[in-house]
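# Close look at the chain arrangement
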Amino acid sequence: MIRMENVTKAFDDNHVLQGMNLEIPKGTSMVIIGGSGTGKSVALKCILGLIKPDSGMIYVDGKDAQKGDRDAFLARFGMLFQGAALFDSLPVWQNVAFRLLRGSLKRQADEAREIAIEKLRRVGLKSNVADRLPAELSGGMQKRVGLARAIAAEPEIIFFDEPTTGLDPIMSGVINDLIREIVTEMGATAMTITHDMSSVRAIADNVAMLHGGVIQWTGPVGQMDASGDPYVEQFISGSAEGPIEAVR
Amino acid sequence: MNPISLLGELGRAILTMLAAFGRVALFALDAVSHIFRPPFYPREFGIALLNIGWLSLPVVGLTAIFTGGALALQIYAGGARFNAEAVVPQIVAIGMVRELGPVLVGLMIAARVTSSIAAEIATMKVTEQIDALVTLSTHPMKYLTAPRVLAALLTVPVLVAIGDIIGIAGGYTVATQNLGFNPAAYLKNTVNFLELRDIVSSLVKGAAFGVIAAIMGCYYGMSSGRGAQGVGRATKGSVEAAAVLILAANFVLTGVFFSL
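Residues numbered from 1 in each chain as written. Chains lettered and ligands numbered in written order. Predicted model: local features only at pLDDT ≥ 70, side-chain atom pairs only at ≥ 80, totals over all residues. Heavy atoms only, no water.

## Focus on the interface of chain B and chain A
The cut-off we apply is this: Any pair of residues with heavy atoms lying within 4.5 Å of one another is described as a contacting pair. Note: buried area is the sum, over both parts, of the accessible area (probe 1.4 Å) each one loses when the two are combined. Whenever Lys or Arg places a side-chain nitrogen within 4 Å of a carboxyl oxygen from Asp or Glu, that contact is recorded as a salt bridge. Pairs of N or O atoms within 3.5 Å make up the polar contacts considered here, provided that, within protein, one atom can donate a hydrogen while the other can accept it, and that residues adjacent in sequence are counted only when both atoms are side-chain atoms. The numbering of helices and of strands both runs from the N terminus, where a helix is a DSSP run of H or I of at least 4 residues and a strand a run of E of at least 2. Residue type decides the class: Asp, Glu, Lys and Arg count as charged, Ala, Val, Leu, Ile, Met, Phe, Trp, Tyr, Cys and Pro as nonpolar, and the leftover types, Gly among them, as polar.
Each partner contributes residues to the interface: chain B has 16 residues there, and chain A has 24 residues. Summing both partners gives a buried area of about 1600 Å² for chain B against chain A, and 58% of it is carried by carbon and sulfur. In terms of surface lost to chain A, no three residues of chain B exceed Glu128, Thr135 and Leu136 of chain B, which account for 36% of the buried area on that side. As a salt-bridge pair, Lys45 of chain A and Glu128 of chain B come within 3.0 Å of each other at their nearest N and O atoms. Where chain B packs against chain A, one counts 5 residue pairs in polar contact (both at pLDDT 80 or more). Going through the elements one at a time, α2 (42–53) and α5 (129–135) of chain B are the ones with two or more residues in the side of chain B that touches chain A. A total of 6 residues in the side of chain B that touches chain A trace back to one element, the largest contributor, which is α5 of chain B. In terms of residue class, the side of chain B that touches chain A is made up of 7 nonpolar, 5 polar and 4 charged.

Below you can see the structure in the form of structure tokens.
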């Protein structure tokens, strides 16, 4: 389980998180929604330790996320970045098997390559992309390679940062279905950040609405449409009228 | 602007500069410490050796040969004013080995390698590849910085030595082909005149300039701002800082080696 307690983070005078509280039960898929610049990615990076919160506590399975063996902590996570964040200089299979080629999870190169190709197949890519460079792939293929990398070491917790941004509706649907399938079959805890309501409905068990640096509403995805929360209602309808200012 | 405001601005500028020096110094210490602490990344080190050493050879060679040739012409023309044309071999040798070889190679490395390191790492930062490294349990300082700094430390002295030799060869070619020097006498004068201290100073300067060039590239890359403008600023800043620090370090090292 992941728990955030009163987490705050400011960049100069921009107070992005202002006491964020959130619980993600083990084995469930939480989707955080909210407008651009409301701190969704910052929250995610605070959990991973990529950004240090100014105050507040973050617990993963009851343990303080900022203490203990960092490598062991990160080995439990997989992450799909918004722009895939593939390493340009490495072929696709080495990107996917990055964690398996070094560090505590190191395998023989042949074995790591086999696992990489299997994970590529799992996300719908043929083995002939394994030796190509990321720059030779389309945006959708890069996202799928990023997804394959995120699941390569079979992590317990997977984060997805805007998994469908910049993709056409068909490819978005493919990625959403893949994420849902993978999270279900791996039994992983998932946290996704998105603006895309079709992703929310496809991926989420639970939804949290982040605005003004705090979680305004959280609940099961089935209750989202009838939440009664003005922030959630405005976000779902996409209306310029409501508590969320259109000009930010 | 009143004098108090002016003083305040000056103080602020000095504090900003000192803070920047502090950040660079801490980064450099961290980078060097990671060279000695596992895990090590031999593949990245090999690529860095290739990029910094082998692929810099053409630019270093061309710079050195033209500089050596021009130096011979200058010394011959200048020396003729007080009947000292005969010192061309000695001055070319000492000029290339003590000063021009290390400085020009250092500046060429700053232009070619520092810019490339800064642009590459800054782009990695902007595209979240550095964050991705961290989430994959890989320390960016160990994976990106340590191999490049170590490769520069080892290869730039070799490049300087090669530059020194090619520069002297350039001077030799011009002097023997155009200025009428005897080839055997030219070589004898060159070899006899150089001291071990000259060569050691050249190599030590090369090592220092290599470390400066790599650290500046990595530092500016890691501290890059967002977007294409951030990458551009990081690249420009890294080359400016590396070039100035190389020239400053050259002054200090020359003082250490030759003012005693």
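## Focus: the sheet that holds strand β4 (residues 55–60) of chain A
Residue and element names in this part refer to chain A. Selection criterion: Here, a strand pair is defined by DSSP locating no fewer than two bridges between the strands.
With antiparallel pairing, 4 strands are arranged side by side in an open sheet as β2-β1-β4-β5. Two strands in the sheet have a free side with no partner beyond their single neighbour: β2 (14–24) and β5 (63–64). The pairing of strand β1 (residues 2–11) with β4 spans 5 bridges and is classified as antiparallel. Residue pairing across strands places Thr8 opposite Ser55, the latter belonging to β4.

## Let's talk about the packing of helix α3 (residues 57–79) of chain B against helix α4 (residues 88–126) of chain B
All names here are of chain B. How we decide: Each axis is a line fitted through C-alpha atoms, taken for helices only over the stretch in contact, and angles between the N-to-C directions span 0 to 180 degrees. Crossing handedness is read from the near helix: turned anticlockwise from the far helix by less than a right angle, it gives a left-handed crossing, and turned clockwise, a right-handed one.
Between α3 and α4, whose axes approach to 9 Å, the crossing angle comes to 145 degrees. By crossing handedness, the relation of α3 to α4 is classed as right-handed. In this structure, α3 contributes Val59, Val60, Thr63, Ala64, Thr67, Gly68, Leu71, Ala72, Ile75 and Tyr76 to the contact, and α4 contributes Val88, Ile91, Val92, Gly95, Met96, Leu100, Leu104, Val105, Met108 and Arg112. Residue composition of the contact of α3 with α4, by class: 15 nonpolar, 4 polar and 1 charged.

## Brief notes about the UniProt feature "domain: ABC transporter" (unreviewed entry) in chain A
The criterion, for reference: UniProt positions are given in the numbering used here, feature names are shortened, and annotations may be inferred rather than shown by experiment.
If you check UniProt for "domain: ABC transporter" (unreviewed entry), the listed places come out as residues 2–237 of chain A in our numbering. The span residues 2–237 of chain A is 33% helical and 26% strand by assignment, and the distance between its end C-alpha atoms comes to 29 Å.

## Focus: unusual backbone geometry
Our working rule: Each residue is placed in one exposure class: buried if its accessible area under a 1.4 Å probe, protein chains only, is under 20% of its type's maximum, exposed if it is over 50%, and partly exposed if it falls in between.
Put simply, Pro38 of chain B and Pro39 of chain B share a cis peptide bond, and its omega is 0 degrees. For Pro39 of chain B, the location among the structural elements is in the loop between α1 (3–36) and α2. In this structure, Asn6 of chain A takes a positive phi of about 50 degrees despite not being glycine. Inspection of the secondary structure assignment puts Asn6 of chain A in strand β1. The backbone phi angle of Asn83 of chain B is positive, close to 50 degrees, even though this residue is not glycine. Looking at where Asn83 of chain B falls in the secondary structure, it is placed in the loop between α3 and α4. A relative accessible area of 70% places Asn83 of chain B in the exposed class.

## Thoughts on the sheet that holds strand β8 (residues 189–193) of chain A
Residue and element names in this part refer to chain A. Judged by pairing direction, the sheet is mixed, and its 6 strands sit side by side in the order β6-β7-β8-β3-β9-β10 without closing on themselves. In this open sheet, the two edge strands, each paired with only one partner strand, are β6 (77–80) and β10 (214–220). For this sheet, the mean angle separating the axes of adjacent strands, direction not counted, is 15 degrees. In the sheet, β6 pairs with strand β7 (residues 157–161) via 4 bridges, with the strands oriented parallel. Across the sheet, Phe77 pairs through a bridge with Ile157, a residue of β7. Contacts between helix α5 (residues 139–151) and the sheet are confined to β6 and β7, with β6 contributing the most and set at about 175 degrees to the helix. Here helix α6 (residues 169–186) sits on the sheet and contacts β3 (29–33), β7 and β8; the angle it forms with β7, its principal contact strand, is near 170 degrees.

## Some details on the pairing of β4 of chain A
All names here are of chain A. Of the strand pairs in this sheet, β4 and β5 are connected by 2 bridges, and their pairing is antiparallel. Note that in β5 the partner of Tyr59 across the bridge is Asp64. Taking the residues between adjacent antiparallel strands as the criterion, β4 and β5 are bridged by 2 residues, where Asp61 takes a positive phi near 50 degrees.

## Details of the environment of Tyr186 of chain B
Residue and element names in this part refer to chain B. Note that Tyr186 resides in helix α7 (residues 183–193). Tyr186 sits in the buried class, given a relative accessible area of 1%. Separated by 133 residues in sequence, Tyr186 and Gly53 have C-alpha atoms that sit 30 Å apart. Aside from chain neighbours lying at most four places away, what touches Tyr186 is Val88, Pro89, Val92, Ile168, Gly171, Tyr172, Ala175 and Phe181.

## Considerations on α5 of chain A
In an α-helix, one turn spans 3.6 residues; hence positions three or four apart end up facing the same way. Defined as follows: One less than the number of residues in a helix, times 1.5 Å, gives the span that helix is expected to have.
The end-to-end C-alpha distance of α5 of chain A, which contains 13 residues, comes to 19 Å, matching closely the 18 Å that a straight helix rising 1.5 Å per residue would cover. Most of α5 of chain A sits inside the fold, with 11 of its 13 residues counted as buried. Of the residues making up α5 of chain A, those classed as buried are Gly140, Met141, Lys143, Arg144, Val145, Gly146, Leu147, Ala148, Arg149, Ala150 and Ile151 of chain A. On its buried side, α5 of chain A packs onto β6, α3 (92–96), α4 (109–122), β7 and α6 of chain A together with α5 of chain B.

## Let's talk about α3 of chain B
All names here are of chain B. The end-to-end C-alpha distance of α3, which contains 23 residues, comes to 32 Å, matching closely the 33 Å that a straight helix rising 1.5 Å per residue would cover. Taken together, the buried positions of α3 are occupied by Val60, Gly61, Thr63, Ala64, Thr67, Gly68, Gly69, Leu71, Ala72, Ile75 and Gly79. Here the buried face of α3 lies against α4 and α6 (140–177).

## Topic: the packing of aromatic side chains
All names here are of chain B. Worth spelling out the cut-off: Ring pairs shown here join Phe, Tyr and Trp side chains whose ring centres sit within 6.5 Å, with only the six-membered ring taken for Trp; geometry is labelled stacked below 30 degrees between planes, edge-to-face above 60, and tilted in between.
The full count for this structure, using the stated rule, is 11 aromatic pairs over all chains. The interplanar angle of 80 degrees and the centroid separation of 5.2 Å between the aromatic rings of Tyr41 and Tyr143 together place this pair among those described as edge-to-face. In this pair, Tyr41 sits in the loop between α1 and α2 while Tyr143 sits in helix α6, placing the two residues 102 residues apart along the sequence. Residue Tyr41 is classed as buried on the basis of its relative accessible area of 10%. An angle of 90 degrees between the planes, with centres 5.5 Å apart, marks the rings of Tyr219 and Tyr220 as edge-to-face.

## Observations concerning the packing of α4 of chain A against α5 of chain A
All names here are of chain A. The test is simple: Throughout, the term roughly parallel applies to angles under 35 degrees, roughly antiparallel to angles over 145, roughly perpendicular to angles from 65 to 115, and oblique to all others.
Contact geometry for α4 and α5: axes closest at 9 Å, N-to-C directions at 125 degrees. As summarised for this structure, α4 and α5 are arranged oblique, according to the angle between their axes. Between α4 and α5 lies a crossing whose hand is right-handed. From α4, Lys119, Leu120 and Arg122 reach across to α5, where they touch Val145, Ala148 and Ile151. Residues of the contact of α4 with α5, tallied by class, amount to 4 nonpolar, no polar and 2 charged.

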